[in-house]
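# Per-entry structural report
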Amino acid sequence: MSRPAFARRVVVAAVVCAVVLAGVAPFAAVSAAGAASSATVSVAGVDSVGLEETATATLRAADVPAGAGVGAFAVNVTYDPSVVSVRVADSDFAVETAAPESGVLRIVGYTDARSGPTGDVALAALDVTGESAGDATLGVEVDTLADADGSAITRTTADASVEVTGGSDGGETDGGDTTDSPDDPGGESDDDTGGSSGGSNSGGARTSVRTSASNGGLAVDIRNAKPGAPVEVDLSGVERGGVRVDGLSLTLGAKSDAKLTVRALDSVPDGTPALDGGPLSYLDVAHDVDDSTISGVNFTVSVSKATLTDRGLDAADLRLYRYSDGEWRALSTSVAGETGDEVRFTAVSPGLSVFALAPAPAGAAFAVTTGSLPSLVVVGDSVTVTATVENTGQTRGETTVDLTVDGAVSESRTLDLAPGETRTVEFVVAADAVGRYDVAVGGVSAGTLRVDAESTPTPTATTESEPATTGTSTPGFGAVTAALAAALAALVALARRRT
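Not measured: the values here are computed from a predicted model.

Thresholds, definitions, all that
- Residues numbered from 1 in each chain as written.
- Predicted model: local features only at pLDDT ≥ 70, side-chain atom pairs only at ≥ 80, totals over all residues.
- Heavy atoms only, no water.
- Helix = DSSP H or I, 4+ residues; strand = E, 2+ residues; numbered from the N terminus.
- Contact = heavy atoms within 4.5 Å.
- Areas by Shrake-Rupley, 256 points an atom, 1.4 Å probe, with all protein chains shown as cover.
- Salt bridge = Lys/Arg side-chain N within 4 Å of Asp/Glu carboxyl O.
- Buried < 20%, exposed > 50% of the residue type's maximum accessible area, 1.4 Å probe, protein only.
- Phe/Tyr/Trp six-rings, centres within 6.5 Å; stacked < 30°, edge-to-face > 60°.
- Pairing = 2+ DSSP bridges.
- Axes fitted to C-alpha atoms, helices over the stretch in contact; angles between N-to-C directions.
- pLDDT = per-residue confidence, 0-100.
- Core = buried A, V, L, I, M, F, W, Y, C linked by side-chain atoms within 4.5 Å.
- 1 Å grid on protein atoms, 1.4 Å probe; cavity = no way out; pocket = protein on both sides within 12 Å on 5 of 7 lines; lining within 4 Å.
- Points joined across faces, edges and corners; volume = space filled by probe spheres on them.
- Nonpolar A, V, L, I, M, F, W, Y, C, P; charged D, E, K, R; others polar.
- Polar contact = N/O pair within 3.5 Å; in protein donor to acceptor, adjacent residues only side chain to side chain.

Attention now moves to the overall build of the chain. From N to C terminus, the chain includes four helices and 33 strands. The long-range share in the chain, meaning contacts at least 24 apart out of those at least 6 apart in sequence, stands at 69%. As displayed, the chain has an accessible area near 23900 Å², and 49% of this comes from carbon and sulfur atoms.

Within the element layout of this structure, Val 401 appears in strand E29 (residues 397-405). Sequence spacing of Val 401 and Val 368 is 33 residues, and the spatial spacing of their C-alpha atoms is 8.7 Å. Val 401 has contacts with Val 389, Glu 411, Ser 412, Arg 413, Leu 415, Phe 427, Val 441 and Gly 442, leaving out every residue within four places of it along the chain.

This brings us to the pattern of salt bridges. Enumeration over the complete set of coordinates arrives at 17 salt bridges. Residues Arg 244 and Asp 246 are paired through a salt bridge, measuring 2.6 Å at the closest nitrogen-oxygen approach. Given the relative accessible area of 16%, Arg 244 is considered buried. Across the pair Arg 322 and Asp 291 runs a salt bridge, and its minimum N-O distance is 2.5 Å. Pair noted here: Arg 322 is in strand E21 (residues 318-324) and Asp 291 is in the loop between strand E19 (281-287) and strand E20 (294-304), with a separation of 31 residues, a long-range link. Given the relative accessible area of 9%, Arg 322 is considered buried. The network of salt bridges with common partners includes Arg 244, Asp 246, Glu 342 and Arg 344.

Another point: the packing of aromatic side chains. For the coordinates displayed, the defined rule picks out four aromatic pairs. Here Tyr 282 and Trp 328 contribute two aromatic rings whose centre-to-centre distance is 6.1 Å and whose plane-to-plane angle is 50 degrees, an arrangement assigned as tilted. Of this pair, Tyr 282 sits in strand E19 while Trp 328 sits in strand E22 (residues 327-330), and the two are 46 residues apart along the sequence. Like Trp 328, Tyr 282 is buried. Clustering of aromatic rings is evident, with ring pairs tying together Tyr 282, Tyr 323 and Trp 328.

Glancing now at the sheet that holds strand E6 (residues 94-98). Spatially, the six strands line up as an open sheet ordered E2-E11-E9-E4-E7-E6, and their pairing is mixed. Looking at strand neighbours, the two that pair on one side only are strand E2 (48-50) and E6, the edges of this open sheet. The mean angle between the axes of side-by-side strands here comes to 25 degrees, regardless of whether they run parallel or antiparallel. The pairing of E2 with strand E11 (residues 160-165) spans three bridges and is classified as parallel.

Let's shift gears to the sheet that holds strand E8 (residues 119-130). Pairing within the open sheet is mixed, and its five strands lie in the order E5-E8-E3-E1-E10. Both outer strands of the open sheet, strand E5 (84-90) and strand E10 (155-158), are each paired with one neighbouring strand and no more. Mean inter-strand twist for the sheet, computed between neighbouring axes without regard to direction, equals 25 degrees.

So, on to the confidence of the model for the chain. This prediction gives the chain a mean pLDDT of 76; 74% of its residues lie at or above 70. The lowest-confidence element of the chain is helix H2 (residues 25-35), averaging 31 in pLDDT; the highest-confidence one is E19, averaging 95. Low pLDDT, under 50, characterises residues 1-36; the stretch is placed with 28 contacts to residues that sit more than four places away or in other chains. A low-confidence stretch, residues 168-204 stays under pLDDT 50, and its non-local contacts, those more than four residues away or across chains, total 64 contacts.

A few words now on the nonpolar core. Formed by 39 residues in total, the largest nonpolar core has its most connected members in Ile 222, Leu 235 and Phe 299. In this view, Phe 299 contacts Gly 247, Leu 248, Leu 283, Leu 320, Phe 345, Thr 346, Ala 347, Ser 349, Leu 352 and Phe 355; residues no more than four positions away in its chain are not counted. Counting residues in hydrophobic clusters, the runner-up holds 36 residues, among them Tyr 79, Val 84, Val 142 and Ile 153.

Attention now moves to the pairing of strand E14 (residues 207-214). The pairing of E14 with strand E15 (residues 217-225) spans seven bridges and is antiparallel. Within the sheet, the bridge partner assigned to Ala 213 lies in E15 and is Leu 218. Hairpin connection of E14 to E15: two residues between the antiparallel strands, including Asn 215 at a positive phi of 55 degrees.

Now for empty space enclosed by the protein. For the structure shown, the criterion picks out one cavity of 30 Å³ or more. Within this model, the largest cavity holds a volume of roughly 90 Å³. Looking at the largest cavity, it is lined by 14 residues, and the ones nearest its centre are Val 243, Val 245, Ser 281, Leu 283 and Leu 357. Looking at the lining of the largest cavity, the elements that each hand over two or more residues are strand E16 (231-240), strand E17 (243-252), E19 and strand E25 (354-359). Of the residues assigned to the lining of the largest cavity, the class counts are 11 nonpolar, one polar and two charged.

It is worth spelling out the pairing of E6 at this point. Here five bridges tie E6 to strand E7 (residues 104-110), and the two strands are oriented antiparallel to one another. What sits directly across from Val 95, in E7, is Gly 109. Linking two consecutive strands that pair antiparallel, namely E6 and E7, is a turn of five residues; a positive phi of about 80 degrees is found at Gly 103 within it.

The phi dihedral of Asp 63 falls on the positive side, at around 60 degrees, and the residue is not glycine. Within the element layout of this structure, Asp 63 appears in strand E3 (residues 54-64). If you check the backbone angles, Asp 406 has positive phi at about 55 degrees while not being a glycine. Along the chain, Asp 406 turns up in the loop between E29 and strand E30 (408-417). The exposure class of Asp 406 is partly exposed, given its relative accessible area of 38%.

On to the side chain of Ser 349, then. Of note, Ser 349 is situated in strand E24 (residues 342-349). A relative accessible area of 2% places Ser 349 in the buried class. From its side chain, Ser 349 meets the backbone oxygen of Gly 351 in a polar contact 2.7 Å long. Leaving out residues up to four positions away in the same chain, Ser 349 has contacts with Gly 296, Val 297, Phe 299, Arg 322, Leu 331 and Phe 355.

As structure tokens, then:
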């Protein structure tokens, strides 16, 4: 953006703030009008699909208010995986997908455009494949729908129904036998491997899973995995150092076969750097499928309480880490339950590689350093607060940095930092009321901001026209002008990015 254009944008923002500071009523009227309209997020465009056929549906946000513009979203599409499978086929947004559990497709998207689309917005094209005859509901759960500056867009949701036609109802479920399948005539016996097989028949070649002992671990052979349908793999034979891998759930984005070899190890595999912090165990998952074809992986791991006691660890301290793209990164890990002897954990990964179960202190850690504030400003001024955030830990991770004014959170930023990476963040604070305010970023004080009345008196000021500066003023920054200051900050930041 040229400097004149930048100047014009700043002037416009300043005029808006000045108008509202002169009277709150116009702003309240606009807010009420905006709240009356909202976007509706749903899956549309498919009412029925044939068995083993695929139809294209659209995840859309209808009636996005003018001026809002979709900049980012996080949506869960829910479905019955025994009837249909669902995957993302295309999107004008940059999207990432995951399958946090069976029958859930999580879609996270964003756009770099500074003015996102309004009206009826196609968030993503979805491939809906019929797996067995019946009816399924395509549900929508919205975690986030926001504009390009992170402001939430008011929304509602609507479910849709799809019918799978053709074939026989129900679909056979294989509980682990070796029933013939088109690619396995005669039902191969597992007598020579000691492994298992299983899967489901949904009108086409059934999904099957076979395991066998291999190289100190388990070899896994997956056949005819359906897109978007999690394949459950029993790994209870993989154990080392008080840590047992109970199983994994693998979701592929396309119909495919896959071969895995899963080993639990005391030390890191050759060619991979060790994770600091004393891991309890490493897990090596060799595989012949590219991570780009994997929609999600869910692990279930059990740790003996005796191991936790011997290591002086609390269950909540443990994380599953994944080595990928040259670095260790902590995965979303949670305690799923416990028995008298064990604690069970679940973890979600975007792909397969080398993993380690280790105490959380070995993960990312963040240090915040703040800049200084001016000691005195007058009402109507704005102040830029800067802070430097550094990841001082051993792995990449996310942290949320809060700007607080007198202890109340005014604005937040989420940063994703690699080990040793440093990032500078800026917050703009509007000084809209007389007083003294303690300002902090990430819990680290940036100083005390003193706000005085206008230094030049107005000769004709009267009791009616003079703004109140004491008594009825609410300590801190007013909600209305704070919102405007945030809008001004967004405009300034946008202008800076485009210069």
